[in-house]
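# Understanding the architecture of this molecule
One letter stands for each residue in the lines below.
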Amino acid sequence: MPNKDQIREFIVSNFLFGEADKLTDTTSFLDAGIIDSTGILEIVSFLEEQFGITVEDDELLPENLDSVEAVAGYLEKKAEGGSQKSE
Amino acid sequence: MLHPWLAIDVEKEIDLICGVLRQTLMRFKRRGYVLGVSGGIDSSVTMALCCRAVGKERVFALQMPERHSARETETFGDLLISKFGVPFAAEPITEMLEAAGFYERYDATVRKQIPVYTNGWTSKIISSNVFDKKGFTIFSVVAQAASGEVIKKRLPAKEYLEIVAATNFKQRLRKMMEYYYADRMNYAVAGTPNRLEYDQGFFVKTGDGSADVKPIAHLYKSQVYELARHLEIPEEICSRPPTTDTYSMSQGQDEFYFSLPYGQMDLCLYGKNNGRSAESIAGETDLTVEQINLIFNDIDTKRSTTRYLHAPPVLVRQVNEIGE
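Residue positions are given per chain, counted from 1 along the sequence in the order it is written. Throughout, the order in which chains and ligands are written sets their labels, letters from A for the former and numbers from 1 for the latter. Per-residue local features are limited, in this predicted model, to residues with pLDDT of at least 70; the limit for side-chain atom pairs, both in listing and counting, is 80 or more; totals at the level of whole chains, interfaces and linings are taken over all residues.

### Remarks on the overall build of chain B
Strands here are runs of E lasting at least two residues and helices are runs of H or I lasting at least four, both read from the DSSP assignment and numbered beginning at the N terminus. Along chain B, the regular secondary structure elements total 13 helices and seven strands. C-alpha atoms define the radius of gyration in this analysis, and the globule rule sets the expected value at 2.2 Å times the number of residues to the power 0.38. For chain B, whose C-alpha radius of gyration is 20 Å, the value lies close to the compact-globule estimate of 20 Å for 324 residues. With the C-alpha coordinates of chain B rotated into their principal frame, the extents come out at 55 × 50 × 50 Å. Each residue is classified by how many other C-beta atoms fall within 10 Å of its C-beta atom, where C-beta atoms are placed from the backbone; a count of 20 or more means buried, 12 or fewer means exposed, and values in between mean partly exposed. Taken across its 324 residues, chain B has 42% of its residues classed as buried. Of the contacts formed within chain B by residues at least 6 apart in sequence, a portion of 72% connects residues at least 24 apart. Whether two residues are in contact depends on their C-beta atoms, placed from the backbone: they are in contact if these lie within 7 Å.

As C-alpha cells, this is what we get:
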C-alpha cells in the first residue's frame with residue numbers, strides 16, 4: 001500500500017529521526033509518546049499537502065490519525081468519498 | 001469560601017512563603033525583588049508577599065503594557081502599586097515588539113487564514129474545549145472587525161506555531177526587562193505562576209517561566225484568591241476574571257488553555273493529585289464522571305508537553321562540580 005509507506009516514512013523521518021524500530025503499523029503515536037498535539041497538526045498539514053485532501057475539524061480523531069494503519073485507512077476511505085467523522 | 005479540599009491556614013502559609021522569600025535573597029546574595037505587575041491576581045499576591053517578606057522598599061514593580069494589553073492591566077496595576085506604595089517603573093514594550101517585528105509577523109500570519117484581517121480588527125487564539133470533542137485539540141484564530149463581524153478559522157501547524165512563537169516575544173521581552181532591573185539593582189526576580197499554570201505549562205520557556213523564585217507555584221488558584229483577601233489586595237483585582245491579556249481580542253484563560261473555570265479546574269487537579277476518584281470529584285463539582293475523565297486525560301496530555309518547558313538543558317555528562 002503506497003500510502004502506508006509514505007506515512008511511515010514521514011513519521012520516521014519527522015518524529016523519530018530515522019529510529020524506525022520504534023514504530024509498527026499499529027503503534028499509537030500518542031500512547032508511544034511519539035507525537036503531541038502539535039505533531040497531530042503537522043500530520044494534518046502533511047496529509048493535506050501530500051494527498052490534496054481537506055481534513056475536516058470533526059475528522060481530527062484518534063481513529064483517523066493515531067497510527068500508520070489508522071491514517072492509511074482514513075486516506076483510503078477519504079479517497080472513496082466518505083466522511084470520517086465520529087458517530 | 002474555599003472548598004474543604006483546598007483549605008489552608010492562610011497566615012501560616014504566608015509565613016512559610018515569606019521565610020522562603022527571605023532565604024532566597026540570602027542564598028543568591030540579592031537585596032530585594034523585581035517583578036512584573038499585570039493587574040492580575042497572581043502578580044498582585046506575589047507582590048504583596050514580597051512586601052510582607054522584605055518590606056515594600058525592597059520590592060520593585062514593573063508595568064510592561066503593550067499595544068494589545070487590556071486597559072485594566074494598567075489601571076489595576078496602578079491601583080495595586082499605589083495601595084502598597086512600592087517603587088515602580090513603567091516600561092511599555094510596544095516599541096521593542098515593533099523592533100522584533102512582532103505585530104507584522106502576527107498580522108501577516110492571521111491574514112493568511114483571514115485575508116480581510118487588517119487595521120481595526122482584533123483577534124485571539126482559542127483551543128477546542130475538551131468536552132466538545134472526542135478527538136484532538138484544535139487551535140483556531142478568531143478575528144473581529146470593528147463592525148462586530150466575527151470570523152473563525154482553524155490554524156494549520158505552521159501558522160499555529162508562527163503565532164505562538166511571535167506572541168512569546170511578549171513574555172520574553174518582559175522577562176528581559178525584569179532581569180535588566182534585577183541586575184542593575186542587585187535584586188532577584190520573583191515569578192508569578194500559580195499551581196495550575198506551573199503544572200499544566202501555561203507559561204513561556206525563558207519568558208514568564210523564568211524566575212529566581214516562584215512563591216505561589218504550589219498554590220491552587222482558589223488558594224491564591226484566599227491569600228489575596230488576607231493580604232488586602234484591592235477588590236477590583238480580586239473580582240477580575242482571569243485573562244491571558246496576550247491577544248488584542250479579550251480572551252479568558254479557559255478559552256485558550258484551561259478547559260474549565262479555575263474553581264472547578266482546581267478541584268479536578270487536586271482530586272487527581274490526591275487519588276480521588278472521578279466519581280468523588282463529580283460529586284464536588286457540577287461535572288459528570290465522563291467529563292472528569294476527559295479532564296484527567298487533558299491534565300496528563302498537558303503535563304507531558306510541559307516537561308519540555310520545565311526541563312533544564314540536557315548535558316551529555318554531568319558536571320558534578322556545579323552543585324547547589
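### A short note on the nonpolar core
Residues and elements named next belong to chain B. By definition, a nonpolar core groups buried Ala, Val, Leu, Ile, Met, Phe, Trp, Tyr and Cys residues that connect through C-beta atoms lying within 7 Å of each other. L35, M47, C50 and A61 are the most contacted members of the largest nonpolar core, which totals 95 residues. Per-element accounting of this core gives the leading share, eight residues, to helix α2 (residues 41-54). Domain borders in the structure are assigned automatically or taken from a domain database. Counting contributing residues per domain, this core is built from domain 1 (4-98 + 163-310) and domain 2 (99-162), each supplying no fewer than three. With residues up to four places along the chain from it excluded, the contact list for L35 reads S43, T46, M47, C50, A61, E178, V189, A190 and T192.

### Some remarks on the interface of chain A and chain B
In this assembly, 13 residues from chain A lie in contact with 13 residues from chain B. No other element matches the seven residues that helix α2 (residues 37-51) of chain A contributes to the side of chain A that touches chain B. Three residue categories are used. Nonpolar comprises Ala, Val, Leu, Ile, Met, Phe, Trp, Tyr, Cys and Pro, charged comprises Asp, Glu, Lys and Arg, and polar comprises the others, including Gly. Of the residues in the side of chain A that touches chain B, the class split is six nonpolar, four polar and three charged.

### Describing the pairing of strand β6 (residues 150-154) of chain B
Residues and elements named next belong to chain B. The pairing criterion for strands is at least two bridges between them, as found by DSSP. The sheet contact formed by strand β5 (residues 139-144) and β6 spans five bridges and is antiparallel. Bridge pairing in β6 links V142 to K152. Following β5, the chain reverses through five residues before pairing antiparallel with β6; G148 in that reversal takes a positive phi of roughly 105°.

### Section: the sheet that holds β6 of chain B
All names here are of chain B. The strand order across the open sheet built from three strands is β4-β5-β6, with neighbouring strands paired in antiparallel fashion. Looking at strand neighbours, the two that pair on one side only are β4 (122-127) and β6, the edges of this open sheet. The sheet shows a mean angle of 20° between the axes of neighbouring strands, direction not considered. Fitting a line to C-alpha atoms yields each axis, with helices limited to the stretch in contact; the angle taken between N-to-C directions then spans 0 to 180 degrees.

### Describing the environment of R307 of chain B
Residues and elements named next belong to chain B. Along the chain, R307 falls in helix α13 (residues 289-310). Overall, the presence of 9 C-beta atoms within 10 Å leaves R307 in the exposed class. Each C-alpha atom, one on R307 and one on T73, is 30 Å from the other, the two residues being 234 residues apart in sequence.

### Notes on the domain arrangement of chain B
Residue and element names in this part refer to chain B. Here the domain parsing of chain B yields domain 1 (4-98 + 163-310) and domain 2 (99-162). Relative placement of domain 1 and domain 2: their C-alpha centres are 25 Å apart. Counting residues at the interface gives 22 residues for domain 1 and 23 residues for domain 2. Looking at the side of domain 1 that touches domain 2, the elements with two or more residues in it are α4 (94-99), α6 (157-185), α10 (253-256) and α13. The element that contributes the greatest number of residues to the side of domain 1 that touches domain 2 is α6, accounting for six residues. The residue inventory of the side of domain 1 that touches domain 2, partitioned by class, reads twelve nonpolar, five polar and five charged.

### Focus: the sheet that holds strand β2 (residues 59-63) of chain B
Residues and elements named next belong to chain B. The four strands lie next to each other as β3-β2-β1-β7, forming an open sheet whose pairing is parallel. Every other strand in the sheet has two partners, leaving β3 (88-90) and β7 (188-189) as the edge strands with one partner each. In terms of strand pairing, strand β1 (residues 33-36) meets β2 through four bridges, oriented parallel. In the strand pairing of β2, L35 is matched with A61. Along the sheet, α6 makes contact with β1, β2 and β7, crossing β1 at roughly 160°.

### Thoughts on the confidence of the model for chain B
Taken over all residues, the pLDDT of chain B has a mean of 93, while the share at 70 or more is 96%. The complex model carries a pTM of 0.90, and its ipTM stands at 0.80. The score called pLDDT rates the predictor's confidence residue by residue, from a low of 0 to a high of 100.

### Overview of helix α3 (residues 71-84) of chain B
Residues and elements named next belong to chain B. With 14 residues, α3 should reach 20 Å at 1.5 Å per residue; the first-to-last C-alpha distance of 21 Å fits that figure. Along α3, the positions that sit buried rather than exposed are T73, F76, G77, L80, I81 and F84. Seen along its axis, α3 keeps its buried residues to an arc of 135°; they face one direction. Of the exposed residues in α3, the ones pointing more than 90 degrees away from its buried face are R71, T75 and S82. Looking at the residues trailing α3, positive phi occurs at G85, about 65°. Multiplying 1.5 Å by the residue count of a helix minus one yields the expected span of that helix. The directions from the helix axis to the C-beta atoms form the arc being described.

### As for helix α11 (residues 262-273) of chain B
Residue and element names in this part refer to chain B. A rise of 1.5 Å per residue sets the reference length of α11, with its twelve residues, at 16 Å; its end C-alpha atoms lie 16 Å apart and thus fit the reference within 8%. Those residues of α11 that fall on the buried side of the exposure criterion are Y262, Q264, M265, D266, L267, C268, L269 and G271. On its buried face, α11 is in contact with α7 (195-200), α8 (221-230), α12 (278-284) and α13. Trailing α11 by a residue or two, G275 shows a phi angle of about 70°, which is positive.

### Brief notes about the packing of helix α1 (residues 10-28) of chain B against α8 of chain B
Residues and elements named next belong to chain B. It is at 10 Å that the axes of α1 and α8 come closest, and there the two elements cross at 90°. When the axes of α1 and α8 are compared, the pair comes out roughly perpendicular. Contacts between α1 and α8 involve V10, E13 and I14 from the former and E226, L227 and H230 from the latter. Among the residues making up the contact of α1 with α8, the classes are represented as three nonpolar, one polar and two charged. Any angle between 65 and 115 degrees counts as roughly perpendicular, while under 35 counts as roughly parallel, over 145 as roughly antiparallel, and the rest as oblique.

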